[in-house]
Amino acid sequence: MIQKIKLSEKIYWIGVNDRHTHLFENFWPLPYGVSYNSYLIDDEKVALIDTVEVSFMSEYLQKIKSILGDRTIDYLVVNHMEPDHSGSIQALLQAYPDLKIIGNCKTAPMLEGFYKVVKNVVTISEGDSVSLGEHMLNFYMIPMVHWPESMVTYESSKNILFSNDAFGSFGTLDGGVFDNEINFSFYEDEMRRYYANIVGKYGTQVQKALEKLGTLEIKTIAPSHGPIWRDHISKIIALYDQWSKYEGEEGVVIIYGTLYGHTAQMADIIARSIAEEGIKNIRTYDASKTHSSYLLNDIWKYKGVIIGSSSYNGGIFTPVSSFLKQLLGIMPKNKLLAIFGSMSWGGGAVRALEPFAQDIKWNVVTPAVEVKHAANDDDQEALISLGKAMAKALKENV
Ligand code: FEO
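Residues numbered from 1 in each chain as written. Predicted model: local features only at pLDDT ≥ 70, side-chain atom pairs only at ≥ 80, totals over all residues. Heavy atoms only, no water.

## Remarks on the pattern of salt bridges
Here comes step 1: Scanning the model with the defined rule gives 11 salt bridges in all.
Here comes step 2: With a closest N to O distance of 3.7 Å, Glu 9 and Lys 6 form a salt bridge.
Here comes step 3: Judged by its relative accessible area of 36%, Lys 6 falls in the partly exposed class. (Salt bridge = Lys/Arg side-chain N within 4 Å of Asp/Glu carboxyl O. Buried < 20%, exposed > 50% of the residue type's maximum accessible area, 1.4 Å probe, protein only.)

## Observations concerning the packing of aromatic side chains
Here comes step 1: Considering all chains together, one arrives at 19 aromatic pairs under this definition.
Here comes step 2: Note on Phe 114 and Tyr 115: the rings are 6.2 Å apart at their centroids and 45° apart in plane angle, and the pair reads as tilted. (Phe/Tyr/Trp six-rings, centres within 6.5 Å; stacked < 30°, edge-to-face > 60°.)

## Regarding unusual backbone geometry
Trans is the prevailing form of peptide bonds, just as negative phi is the prevailing case for residues other than glycine.
Here comes step 1: Across the junction of Thr 366 and Pro 367, the peptide omega takes the value -5°, indicating a cis bond.
Here comes step 2: Within the fold, Pro 367 resides in the loop between strand S22 (363–364) and strand S23 (369–372).
Here comes step 3: Positive phi, normally seen in glycine, also occurs at Asn 164, with a value near 65°.
Here comes step 4: Its location among the elements puts Asn 164 in strand S15 (residues 160–164).
Here comes step 5: Within the chain, Lys 361 stands out as a residue other than glycine whose phi angle is a positive 65°. (Helix = DSSP H or I, 4+ residues; strand = E, 2+ residues; numbered from the N terminus.)

## Some details on the domain arrangement of the protein chain
Here comes step 1: According to the domain assignment, the protein chain consists of domain 1 (5–244) and domain 2 (249–397).
Here comes step 2: For domain 1 versus domain 2, the distance between C-alpha centres works out to 38 Å.
Here comes step 3: On the side of domain 2, 11 residues touch domain 1, which itself brings 13 residues to the contact.
Here comes step 4: The junction of domain 1 with domain 2 conceals about 1,200 Å² of combined surface from both sides, 53% of it contributed by carbon and sulfur atoms.
Here comes step 5: Joining domain 1 to domain 2, the criterion identifies zero salt bridges.
Here comes step 6: At the boundary of domain 1 and domain 2, one finds seven residue pairs in polar contact (both at pLDDT 80 or more).
Here comes step 7: If you list the elements that add at least two residues to the side of domain 1 that touches domain 2, you get strand S5 (28–29) and helix H5 (184–199).
Here comes step 8: Take the side of domain 1 that touches domain 2: its biggest share by element is six residues, from H5. (Domains from an automatic or database assignment. Contact = heavy atoms within 4.5 Å. Buried area = accessible area lost by both parts, 1.4 Å probe. Polar contact = N/O pair within 3.5 Å; in protein donor to acceptor, adjacent residues only side chain to side chain.)

## Section: the packing of helix H6 (residues 203–213) against helix H7 (residues 233–244)
Here comes step 1: Look at H6 against H7: their axes get within 9 Å of each other, and the N-to-C directions meet at 145°. Note that H6 runs across H7; the crossing there is left-handed. Where H6 approaches H7, its residues Gly 203, Val 206, Gln 207 and Leu 210 are matched on the opposing element by Ile 237, Tyr 240, Asp 241 and Ser 244.
Here comes step 2: Of the residues belonging to the contact of H6 with H7, the class tally is four nonpolar, three polar and one charged. (Axes fitted to C-alpha atoms, helices over the stretch in contact; angles between N-to-C directions. Left-handed = near helix turned anticlockwise from the far one by under 90°. Nonpolar A, V, L, I, M, F, W, Y, C, P; charged D, E, K, R; others polar.)

## Observations regarding the sheet that holds strand S14 (residues 151–155)
Here comes step 1: Spatial ordering of the open sheet is given by S12-S13-S14-S15-S16, a layout of five strands whose pairing is mixed. Here the strands that pair on one side only, and so sit at the sheet edges, are strand S12 (129–131) and strand S16 (220–223). The sheet shows a mean angle of 20° between the axes of neighbouring strands, taken without regard to direction.
Here comes step 2: Relative to strand S13 (residues 136–141), S12 runs antiparallel, the two sharing three bridges. Paired with Ser 131 across the strands is Met 136, a residue of S13. (Pairing = 2+ DSSP bridges.)

## A word on the sheet that holds strand S10 (residues 100–103)
Here comes step 1: The sheet built from seven strands is open, its strands ordered S1-S2-S7-S8-S9-S10-S11 with mixed pairing. Taken across any chain shown, the strands that pair with only one partner, and hence form the sheet edges, are strand S1 (5–8) and strand S11 (121–123). Neighbour-to-neighbour, the strand axes of this sheet turn through a mean angle of 25°, independent of strand direction.
Here comes step 2: Here strand S9 (residues 75–77) runs beside S10; their pairing, made up of three bridges, is parallel.

Structural data, given as structure tokens:
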């Protein structure tokens, strides 16, 4: 027997939990896994909303058949072509060859390009509707949340927004599927990490999507990953608004690269001086150890960022320089930045951090501190002053 999980009388969650993949998009760690959510609407016409990652096709088909038996599927709505959702399309077409695929004008060339699918593609536009009988599907474009063809589907009889990647979260659904069945704070953290890692670059587009979707009456948000939201809708919309405006809490993330520990000691001195000023949210990370997924999560959470590096080959130590390159690709906004570094025996790190401080366009707390060999008493005073200056800036700006 397969347990049936219903959003309403005729709408089912038929997603799957992925606990074996180590890296999402072959890059972002999945310590708590991820769910691929798909939904089935069992009306006069039967519709699926998105599919699942292809390796789960067998489990997915069993779930479909446990509801439909031998009946067929009329429509597959493709809200998003990234293969974590579209990966099962070819296999689904083998099982249901007459299936019509609903997408927009940017979906169609991707269907052909990725999967050679050209038959039975129904192209819809912004505001178009498809009736299933009792249920009505309405389509709205949300480009770049997270790919150009991204769209959402709004079911207007039950006020359910199938929101695609928006409001999605890392973390499998471990029994609890709806937000009244889960520990909210766990998923809030994993939702922010998902946002920062996957959607974070597109804050402007998220703001446009929020404005557009704000006109709809929404009772349920059913995303493509993570819990289905009903009780916390205003909270998660407020979080998305905050994250897409890059509004951080009072707190600071300190990220350093060190070979033998001198730069780590400098980071600890700065962190202690910030704590002495009453700032309670301070997270300090060694960039050689902690994956950028978590560094980005905390950059999204907090207003302050402090970057430190030992000098290496006359510049920034590789784990830090590689993270900064990634950060410049994403370009989060609206942060406070301070920099420090160790010259070791040669120097170059702080000199190389200064162009980053200009390029990232954040407000810079000065003066930067550069230490030769290990920090002496004067250096320690300078590091304490830098920490105090960051704490003051945080209090004035959050
Ligand atoms: Fe969950 Fe952008 O795919």
